[in-house]
Amino acid sequence: MAADKKSKPSGFPGSGLAKGLAVTLRTMTKRSVTAQYPDVQPDLAPRTRGVIGLFEENCTVCMLCARECPDWCIYIDSHKETVPPAAPGGRERSRNVLDRFAIDFSLCMYCGICIEVCPFDALFWSPEFEYAETDIRELTHERDKLREWMWTVPEPPALDPAAEEPKEIAAARKTADKLAAQQAAADAENSGEDA
Amino acid sequence: MSDALDIVVRLLAVFVAFLVLPLVVGQTEHKVMAHMQGRLGPMYAGGFHGWAQLVADGVKFAQKEDIVPAGADRRVFQLAPAVGLLPYLLVLAAIPIGPRNAVGQSLDAGLFFVLAVMGVGVLGSIMAGWASANKFSLLGGLRTAAQLLAYELPMLLAAASVAMAAGTLSLPGILDSFHWWWVPWQLIGAVVFFVAGLAELQRPPFDMPVADSEIIFGAYTEYTGLRFALFLLAEYAGIVVLCALTSVLFLGGWHGPFGADGLGWLWTLLKTAVLAFLIIWLRVTYPRLREDQLQKLAWTVLIPLALVQIALTGVVKVVTS
């Protein structure tokens, strides 16, 4: 009753009540928004933070991820190996070899700092989220499991139509063009000699 | 022998209707309310769109422990659900569904009987509220009592208008003398009767006696298990009875545009179903009234309207006769 008086003076008495009925009736005829998750997989955004994948071929054991992790949930073990000199008479080089890389997802807060901070593109977000376990210890994913998640990492989203070329592709193209030009010049010289 | 068989069949039919129709209304409420809120409602129980949800609920309630609070008035506490539920069964037996005596028990003072017994149903809530030894239950019970006092009067006045128009108190008799123009003639009475009935059933937007945000669950706070389920069933049985009664008194029951001979019962059911949908729709749409607004609505709006209807009925009756 009181609501009617507060609504616009032009409103017919009870028009607010009728409007309310219309809203619910209209909603009933529309599709409901309920996600039927176990039956229907959710439509996830491309950059969904589901689980972290490790591309271990790129990892140099620089430890930046483990150090930056606010939860200290990344465990890395490694040892050094010496590599024989590339050329005879050269110096031996030492190289880090990864022994263990594990992320404890029971501690992880999915901030993504490790992925941001990795200078060698060894860590990636994957949208997979169905890795619940009955034992909390199972949530510590070791390197083989983290490597498996890499297969679920989606392609990076396409660039805008007018966007600049990514730097590494530009550099690679420059080198390729230079090589091709050299090759062409050499060919031209050879054919010129033949003629 | 055939008389006894006749009685058994009638009672059985009423009993089956009493068990099935409230569940149908309840399931409809689940689904309609869900879709009006952009949800899906129950989807798993029974396999197809959760049709067996209320059966599953019943099984769940039956498994629960039946607790009586230590300080409660045991006898009254345990009796209350039956007092709340059984009157609706009795009322259902007196509501005609089709022409030619298609009624559980035809009564000469049917309208009087129906309204009197429906009032008893509300006593169940008052008993429950009083016997629970719980302040919230007591508040709920007192609110129920206040609501019953306020809304019984407009309901009776509106029903009296129909009885005046028909010149009889028998429900089949009222329907026998029904004409289509009674619907606009008794429209005000119909609205008053329906709204007052809604309030008597304590359905939203008149659910202050069970207002969960204020007094837990009113008179039913201390109930568990099967007794609680009986109160819920009473609410839905009440919806069925109120809708059937409104359609019989004001919408012409078995009278329809066509098929009045063979399909009369279908018209009654159809009108009842539409009214039940309306009750669910109102519940989803409107928020609860405040206790003082509730009383104000009854005493300053519904009762004057009912009196206007009676005056109108009297004038038309005198002019046409």
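Note that this is a predicted model, so its numbers are computed, not measured. (Residues numbered from 1 in each chain as written. Chains lettered and ligands numbered in written order. Predicted model: local features only at pLDDT ≥ 70, side-chain atom pairs only at ≥ 80, totals over all residues.)

Quick notes on the interface of chain A and chain B
- Each partner contributes to the interface: chain A provides nine residues, whereas chain B provides twelve residues.
- Of the residues belonging to the side of chain A that touches chain B, the class tally is four nonpolar, five polar and no charged. (Contact = placed C-beta atoms within 7 Å. Nonpolar A, V, L, I, M, F, W, Y, C, P; charged D, E, K, R; others polar.)

Focus on the sheet that holds strand β2 (residues 74-83) of chain A
- Read across the sheet, three strands follow the order β2-β3-β5 (chain A) without closing on themselves; strand pairing throughout is antiparallel. Two strands close off the open sheet at either side, each with one partner strand: β2 and β5 (140-141) of chain A. (Pairing = 2+ DSSP bridges. Helix = DSSP H or I, 4+ residues; strand = E, 2+ residues; numbered from the N terminus.)

Let's talk about the UniProt feature "transmembrane region" (unreviewed entry) in chain B
All names here are of chain B.
- Per the UniProt record, the feature "transmembrane region" (unreviewed entry) sits at residues 7-26, 76-97, 109-132, 153-175, 181-199, 228-252, 264-285 and 297-319.
- Between the end C-alpha atoms of residues 76-97 the distance is 35 Å, and the span holds 86% helix and 0% strand.
- Helix makes up 83% of residues 153-175 and strand 0%. Its end C-alpha atoms lie 23 Å apart. (UniProt positions renumbered as here; feature names shortened; annotations may be inferred.)

Here we look at the UniProt feature "binding site: [4Fe-4S] cluster 2" (unreviewed entry) in chain A
Residue and element names in this part refer to chain A.
- Feature annotation in UniProt places "binding site: [4Fe-4S] cluster 2" (unreviewed entry) on C69, C108, C111 and C114, given in this structure's numbering. Across 46 residues, the annotated set stays spatially compact, with a maximum C-alpha separation of 10.6 Å.
- Mapped onto the fold, C111 is located in the loop between β3 (93-104) and α4 (113-117).
- By the C-beta count within 10 Å, which is 13 here, C111 ends up partly exposed.
- Relative to the elements of secondary structure, C114 occurs in helix α4.
- Setting aside anything within four residues of it in sequence, one finds C114 in contact with I52, C65, E68, C69, I74 and L123. (Buried ≥ 20, exposed ≤ 12 C-beta atoms within 10 Å, placed from the backbone.)

Description of helix α8 (residues 187-200) of chain B
Residue and element names in this part refer to chain B.
- Here α8 is 14 residues long and its end C-alpha atoms lie 20 Å apart, about the 20 Å a rise of 1.5 Å per residue gives.
- For α8, a buried count of eleven out of 14 residues is recorded, marking the element as mostly surrounded by other parts of the structure.
- Regarding α8, the residues found buried are G189, A190, V192, F193, F194, V195, A196, G197, L198, A199 and E200.
- Lining the buried residues of α8 we find α4 (110-131), α5 (135-166), α10 (225-250), α11 (264-285) and α12 (291-320).
- Positive phi appears at Q202, one or two residues downstream of α8, with a value of about 60°. (Expected span 1.5 Å × (residues − 1).)

Quick notes on the packing of helix α1 (residues 2-36) of chain B against α10 of chain B
Residue and element names in this part refer to chain B.
- As a packed pair, α1 and α10 sit with axes 8 Å apart at the nearest point and diverge in direction by 95°. As far as their axial angle goes, α10 and α1 are roughly perpendicular. Residues F18, L21, P22, V25 and G26 of α1 touch α10, and the partners they reach there are L233, Y236, A237, I239 and V240.
- Class assignment of the residues belonging to the contact of α1 with α10 gives a composition of nine nonpolar, one polar and no charged. (Axes fitted to C-alpha atoms, helices over the stretch in contact; angles between N-to-C directions. Parallel < 35°, antiparallel > 145°, perpendicular 65-115°, else oblique.)

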